[in-house]
Amino acid sequence: MNKVEEFEELRPLLFSIAYRILGSVSEAEDAVQETWLRFDGSPTRPASTKAFLSATVTRLSVDVLRSARVRREAYVGPWFPEPLLSDPYQDPARSTELADSVSMAALLLLERLSPLERAVFVLREVFGFGFDEVAAAVGRSEAACRQLLVRARRHMQAGRPRFAADRQERRELAARFFDALRNGDVDELRDLLAADVHLIGDGGGKAPQGRGAHGADKVARLLTSFFRQMVRLDVTLEPHEVNGLPGGIIRDRDGRVLQTLALDVLDGQVQAVRSVLNPDKLGHVGPVADAWAFAREVRQARRKPE
């Protein structure tokens, strides 16, 4: 294969590594593009193209993450990763690790790690790289990488939920959730929610975040009230997997993206409903609606009798 063919074959893997380190689709795509430029500009061919490209995209992502952390400290409101609608890299031998590692909950846990811990954890635990490959990618000794992995595992395990749900259970529960939402059935929705469920939105100060809520009754009532208003304005809810878990895309009457929803489903109940409203994080999903204009329209609709 020529350079272009080699790179394109590995592009899905490179993007998947970068996204898990950065939690950003746009930044991951930039890291992959810069990796190509460095590969294309190299006068020699590496002994292992996969090792070279993986190491390059990892180092670039770690550098970007270090600067991104400063910006995230000043972020307005809760910060969530950019929603990922589909993971381009698939490996049947590691399907469980790949699916679990891209969920919103897992990516938020990864935020607890240092950039190097995060890179080591992603390469070793998620993608199964050997310690020699991990060490070469992050520029540390194998012994140092083993220590970084121990610390990363400790942080990740401390925050992991006690019970997990299989994919079929998640899909069935999500279908009931969205049916109850469309039907405005508060009681059915409440039954599907954990007692301490959280409803949280990420607007980043660039979109109306609305009110967060905690507790099954409050979340059920807030969601059904919100969706009732959405229906009046011809808003559509398009069920779609988001970050490997059940979720949906909410679009205005012209098909533009207002927000995404992602459901954390564990132990037979919805534990969290996370929405991303920040328009800066939605451009890769599709044309983005003017969230402030839509919020004004919602307020006007509320003044009119149903």
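It should be emphasised that the depicted structure is a prediction, and the values quoted were computed from it without experimental measurement.

**Q** I'd love a proper account of the sheet that holds strand E1 (residues 193–202), names of residues and values included.
**A** Read from one edge to the other, the open sheet built from six strands follows the order E2-E1-E6-E5-E4-E3, with strand pairing classed as mixed. Each end of this open sheet is capped by a strand with a single partner; those strands are strand E2 (213–214) and strand E3 (236–239). Sitting on the sheet, helix H11 (residues 216–232) touches E1, E2, E3, strand E4 (247–251) and strand E5 (257–266), and the angle it makes with E1 is about 50°.

**Q** Explain the packing of aromatic side chains to me, and be specific about the residues and the numbers.
**A** Taken as a whole and assessed by the stated rule, the structure comprises six aromatic pairs. Ring geometry for Trp36 and Phe39: centres 6.2 Å apart, planes at 65°, overall edge-to-face. Taken together, the residues span about one helical turn, with Trp36 and Phe39 both in helix H2 (residues 25–41) at a distance of three residues. Of the residues examined, Trp36 reaches a relative accessible area of 17% and is grouped as buried. The interplanar angle of 45° and the centroid separation of 6.0 Å between the aromatic rings of Phe39 and Phe52 together place this pair among those described as tilted. Placement of the pair is Phe39 in helix H2 and Phe52 in helix H3 (residues 49–73), with a sequence separation of 13 residues. Overall, Phe39 belongs to the buried group, its relative accessible area being 1%. Taken together, Phe7, Trp36, Phe39 and Phe52 form an aromatic cluster joined through their ring pairs. Positioned above the aromatic ring of Phe39, the side-chain terminus of Lys3 is 5.0 Å from the ring centre. Here Arg274 stacks its cationic end above the ring of Phe80, 5.8 Å away from the centre of that ring.

**Q** Which residues make up the pattern of salt bridges, and what values go with them?
**A** As enumerated under the stated definition, the model contains 24 salt bridges in all. Taking the shortest distance from any N to any O, the salt bridge between Arg221 and Asp217 comes out at 3.2 Å. With a gap of four residues between them, Arg221 and Asp217 both fall in helix H11, about one helical turn apart. Note on Asp217: relative accessible area 35%, which makes it partly exposed. Taking the shortest distance from any N to any O, the salt bridge between Glu238 and Arg251 comes out at 2.9 Å. Taken together, the residues Glu238 in strand E3 and Arg251 in strand E4 connect sequence positions 13 residues apart. Judged by relative accessible area, Glu238 falls into the partly exposed class, the value being 30%. What you see here is one network of salt bridges that share partners, running through Asp187, Arg190, Asp217 and Arg221.

**Q** Tell me what's going on with the side chain of Ser16, and back it up with residues and numbers.
**A** Examined against the element boundaries, Ser16 turns out to sit in helix H1 (residues 3–22). Take Ser16: its relative accessible area is 0%, and that puts it in the buried class. Ignoring anything within four residues of it in the chain, the contact list for Ser16 reads Asp87, Pro88, Tyr89 and Phe127.

**Q** Help me get a handle on empty space enclosed by the protein, residues and values and all.
**A** Gaps left between atoms show up when a probe the size of a water molecule is rolled over them. By the definition in use, this model includes one cavity of 30 Å³ or more. In this model, the largest cavity occupies a volume close to 30 Å³. Lining the largest cavity, in full, are Ala51, Ser54, Ala55, Phe129, Glu133 and Ala137. At the level of elements, H3 and helix H7 (131–138) are the ones that each hand at least two residues to the lining of the largest cavity. The element best represented in the lining of the largest cavity is H3, accounting for three residues. Residues that form the lining of the largest cavity fall into these classes: four nonpolar, one polar and one charged.

Each value, and the rule that gives it
- Residues numbered from 1 in each chain as written.
- Predicted model: local features only at pLDDT ≥ 70, side-chain atom pairs only at ≥ 80, totals over all residues.
- Heavy atoms only, no water.
- Pairing = 2+ DSSP bridges.
- Helix = DSSP H or I, 4+ residues; strand = E, 2+ residues; numbered from the N terminus.
- Contact = heavy atoms within 4.5 Å.
- Axes fitted to C-alpha atoms, helices over the stretch in contact; angles between N-to-C directions.
- Phe/Tyr/Trp six-rings, centres within 6.5 Å; stacked < 30°, edge-to-face > 60°.
- Buried < 20%, exposed > 50% of the residue type's maximum accessible area, 1.4 Å probe, protein only.
- Lys NZ or Arg CZ within 6 Å of the ring centre and 35° of its normal.
- Salt bridge = Lys/Arg side-chain N within 4 Å of Asp/Glu carboxyl O.
- 1 Å grid on protein atoms, 1.4 Å probe; cavity = no way out; pocket = protein on both sides within 12 Å on 5 of 7 lines; lining within 4 Å.
- Points joined across faces, edges and corners; volume = space filled by probe spheres on them.
- Nonpolar A, V, L, I, M, F, W, Y, C, P; charged D, E, K, R; others polar.

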